[in-house]
Every structure is written in structure tokens, then in C-alpha cells.
Amino acid sequence: MRLDNVKALVTGAGSGIGEAISSHFRREGARLLLTSRRERLDTARPDDLYVPGDLNDESFVEALARQAAESFGTVEVVVLNHGLQASSPLTEMSREDAKNVLESNLLSAFLVMKHFAPLMPSAGGAFVCVSSRLGMVGKAGEVLYSAAKGGLIMLAKGAAIEWAARNIRVNVVAPGLTVTPIIEASFQRSADPEARRRERETQIPLQRLATPGEVADAVLFLASSESTYVTGAVLPVDGGYTAF
Ligand SMILES: NC(=O)c1ccc[n+]([C@@H]2O[C@H](COP(=O)([O-])OP(=O)(O)OC[C@H]3O[C@@H](n4cnc5c(N)ncnc54)[C@H](OP(=O)(O)O)[C@@H]3O)[C@@H](O)[C@H]2O)c1
């Protein structure tokens, strides 16, 4: 098993991609600390430790790190999967909404990195950040989300250099459009959901959306000992969307 007895934090664990990452990690033998904002996580297993809270709140992140230290001692892997999608024309976005997008995708990731790096053992550890294809290319109507996910990539690259001497690796997975409940719901809101889905698929070289499991495969690779010489890297899992 690739994560035998590895203690891992997965954020945004309640969602499609977070759920798939948790399930892959469990299968590979990891001990899981899961978090999201919902009070209960129905997909958590009895051996998992679930701690709900808002990662935009530094006092919660500190409490989560304390809980991790008490329960696990050290944490070898941290997956920063939480995030907030936001679609709105730039001129119609309020300062408060923009701040929320930047905090939920970028500042909160900084807070988790800051408070969990000290918990990594002296032999090292791995952070895996879940950014987006939109962290690498711009898109009308998703400008703030794109800016936050691009910022997350640079946060990871800088931290990879700063922590290399401690053998803490920091990498990024940049998914393309992935079949999760939030994406399915966005199709359902359009007049012709099937036509909307086909339209989005035709924009992707592989002509289909990703599954959450395909994104989780990439996260698992970057979290495991199969990638011990990989740090500061961005792995697109987007069917070729950013290959142009
Ligand atoms: N699905 C896609 O097509 C796609 C494409 C590219 C990138 N991504 C990225 O992949 C990640 C997962 O995507 P998804 O579609 O599975 O996401 P999702 O269904 O929107 O779920 C996001 C998760 O993040 C948590 N979260 C958001 N803000 C938080 C905060 N301030 N504090 C704590 N938890 C917070 C949510 O908790 P609650 O559920 O409790 O609110 C939820 O568990 C996100 O970072 C997203 O930006 C997704």
C-alpha cells in the first residue's frame, strides 16, 4: 500500500473530489484527518477523524493543528482540496464576494500550510494543493477564482523552495472540469443540460469531463513515495485543456 500508516489531512473532504481523495487514501492505508464546513460528514468512516470548521478562520486552523498533534503526533501529508467556485462578471462582483473567493481558495491554504508544516516529521512530508486549469489560463466570468487558483500555484512553488531543505515537498494538481455535484448542478440550471454538457466537452481535447477518481489518482501520486524527487510541480489533469 502506497500510504501505509501515513497520517494525512484532507480538506474539503465532503465534496466530489475530496471524497474521492479520501477514499483513495483510505484504500492505500492512510490514517485520515478530514475537514469541511458541514457539521457531519456522512462519507467518513469510523477510523477517520472528522473535524468541521471554516478554514478562513485562523483560530479554527490552529485548533485543527492542535487536534492533529494530539491525535496523530505528526502529519506526513496535507491535501489542500477545499475551494470556492464563483462565476460573475468582474464589474458585478462586490468587494466582499471577491474577498471571500480569495480567502477560501488562497489565504486559507496559506493558513493551513503555516500551521501544518511544523507538524511534519523531521524526515519530511508532502503538501498537495488542488488548484484548477483556471489557475493557468484566464476565463471570462471567473476572473477572481482564476486569480486565487493562480495565486495558489505560486504559493506552492515558493513554499516548495522555502521548505526543500526540510524535505517537505509542495506540489499542485490542476484539474479541468470534473463531474462533481456542483458541476452537475450547474448543468441542470441551464435550459438544455445535455447540450450544455456537450458544449463544455467539445472544448476539451479528450472530449469529456474528468472523474473525481482521475483527479484523486494524481493527488495520490504526488502524496506518495512514488514522487520523492518531485516538488514545485504543477500536474494538469484537464484532458489537454491547457496544452495549447
Ligand atoms: N469540480 C471541478 O470541475 C473542479 C475543477 C477544477 C478545480 N476544482 C477544485 O477542486 C477542489 C474540489 O472541487 P469540488 O468540485 O469537489 O468542490 P466542492 O464540491 O465545491 O467542495 C468544496 C469543498 O471545500 C470546502 N470548503 C470550501 N470553502 C471552505 C472553507 N472556507 N473552509 C472549509 N472548507 C471549505 C467545502 O465544504 P462544505 O461542503 O462543508 O461547504 C467542500 O467540502 C476545489 O478546490 C475546486 O476549486 C474543481
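Refer to the structure presented above.
Reading guide: rules and limits
Residues numbered from 1 in each chain as written. Predicted model: local features only at pLDDT ≥ 70, side-chain atom pairs only at ≥ 80, totals over all residues. Heavy atoms only, no water. Helix = DSSP H or I, 4+ residues; strand = E, 2+ residues; numbered from the N terminus. Rg over C-alpha atoms; globule rule 2.2 N^0.38 Å. Buried < 20%, exposed > 50% of the residue type's maximum accessible area, 1.4 Å probe, protein only. Contact = heavy atoms within 4.5 Å. Areas by Shrake-Rupley, 256 points an atom, 1.4 Å probe, with all protein chains shown as cover. Lys, Arg positive; Asp, Glu negative; His and termini not counted. Charge placed at Lys NZ, Arg CZ, Asp CG, Glu CD. Near = heavy atom within 4 Å. Polar contact = N/O pair within 3.5 Å; in protein donor to acceptor, adjacent residues only side chain to side chain. Nonpolar A, V, L, I, M, F, W, Y, C, P; charged D, E, K, R; others polar. Domains from an automatic or database assignment. Core = buried A, V, L, I, M, F, W, Y, C linked by side-chain atoms within 4.5 Å. Pairing = 2+ DSSP bridges. Right-handed = clockwise from strand over helix to strand, strands pointing away. Axes fitted to C-alpha atoms, helices over the stretch in contact; angles between N-to-C directions. Parallel < 35°, antiparallel > 145°, perpendicular 65-115°, else oblique. Left-handed = near helix turned anticlockwise from the far one by under 90°.

Peer 1: Break down the overall build of the chain for me, with residues and values.
Peer 2: Of the regular secondary structure elements, the chain holds seven helices and seven strands. Tracing the chain from N to C terminus, the helices and strands come up as β-α-β-β-α-β-α-β-α-β-α-α-α-β. Computed over the C-alpha atoms, the radius of gyration of the chain is 17 Å, within 12% of the 18 Å expected from 2.2 N^0.38 for a compact globule of 244 residues. Considered along the principal axes of its C-alpha atoms, the chain spans approximately 50 × 40 × 35 Å. Counting every position in the chain, which comprises 244 residues, the buried fraction comes to 50%. Contacts spanning at least 24 positions in sequence make up 70% of the contacts within the chain whose residues lie at least 6 apart. Surface exposure of the chain reaches about 11500 Å², of which carbon and sulfur atoms provide 53%. Considering the chain, the positive charge centre built from 25 side chains and the negative charge centre built from 28 side chains are found 2 Å apart.

Peer 1: Lay out the site of the ligand in plain terms, naming residues and giving numbers.
Peer 2: By nearness alone, 28 residues border the ligand, and S15, R38, N81, Y145 and T178 come closest of all. A distance of 2.8 Å is found between an oxygen atom of the ligand and a backbone nitrogen or oxygen belonging to R37. The fraction of the free accessible surface of the ligand (900 Å²) that becomes covered by protein chains is 92%. Taken together, the residues of the shell around the ligand sort by class into eight nonpolar, 16 polar and four charged. Residue contributions to the shell around the ligand reach at least three from each of two domains, namely domain 1 (7-175 + 212-235) and domain 2 (177-209).

Peer 1: Any chance you could break down the nonpolar core for me, citing the residues and the numbers?
Peer 2: By size, the foremost hydrophobic cluster in this structure holds 32 residues, and its most contacted members are V78, F116, F127 and V170. Listed by contribution, the elements that provide at least two residues to this core are helix 2 (58-72), strand 4 (77-80), helix 3 (95-116), strand 5 (125-130), helix 4 (143-162) and strand 6 (168-175). Considering each element in turn, this core owes the most residues, six residues, to helix 2. Other than its neighbours up to four places away in sequence, F116 contacts L9, L33, V61, L64, A65, A68, V75, V78 and F127. V6, I21, V173 and L220 belong to the second largest nonpolar core, which has 28 residues in total.

Peer 1: Break down the pairing of strand 2 (residues 31-35) for me, with residues and values.
Peer 2: By the criterion of burial, strand 2 is predominantly enclosed, with four of the five residues buried. Bridge count between strand 1 (residues 7-11) and strand 2: five bridges; the pairing is parallel. Among the inter-strand pairings, K7 is bridged to a residue of strand 2, identified as R31. You can see the chain leave strand 1, run along helix 1 (residues 16-27) and come back into strand 2, and the turn it takes is right-handed. Direction of pairing for strand 2 relative to strand 3 (residues 49-50): parallel, over a ladder of two bridges. Across the sheet, the residue bridging to L33 is L49, located in strand 3.

Peer 1: Residue-level account of the packing of helix 3 against helix 4, with values.
Peer 2: The N-to-C vectors of helix 3 and helix 4 enclose an angle of 15 degrees; their axes lie 8 Å apart at closest approach. Taken together, helix 3 and helix 4 sit at an angle that is classed as roughly parallel. In the packing of helix 3 onto helix 4, the handedness of the crossing is right-handed. Listed contacts from helix 4 to A98, V101, L102, N105, L106, A109, F110 and M113 of helix 3 are L144, Y145, A148, K149, G151, L152, L155 and A159. The residue makeup of the contact of helix 3 with helix 4, split by class, is 13 nonpolar, two polar and one charged.

Peer 1: How would you sum up the packing of helix 2 against helix 3? Please name residues and give values.
Peer 2: Running from amino to carboxyl end, helix 2 crosses helix 3 at an angle of 35 degrees, the nearest separation of the two axes being 9 Å. Between helix 2 and helix 3 lies a crossing of right-handed hand. Touching E58, V61, E62, L64, A65 and A68 of helix 2 are L111, V112, K114, H115 and F116, all from helix 3.

Peer 1: Please give an account of the side chain of R197 that cites residues and values.
Peer 2: Take R197: it is sitting in helix 6 (residues 193-202). Leave out the neighbours within four places in its chain, and R197 touches E184, F187 and L209.

Peer 1: Go over the sheet that holds strand 1 with me, naming the residues and quoting the values.
Peer 2: Strand order in the open sheet formed by seven strands is 3-2-1-4-5-6-7, with parallel pairing between adjacent strands. Among the strands making up the open sheet, the edge pair consists of strand 3 and strand 7 (234-237). Sheet topology note: the strand 6/strand 7 ladder contains four bridges and is parallel. Note that in strand 7 the partner of V173 across the bridge is L235. Contacting strand 5, strand 6 and strand 7, helix 4 runs over the sheet at an angle of about 160 degrees to strand 6.

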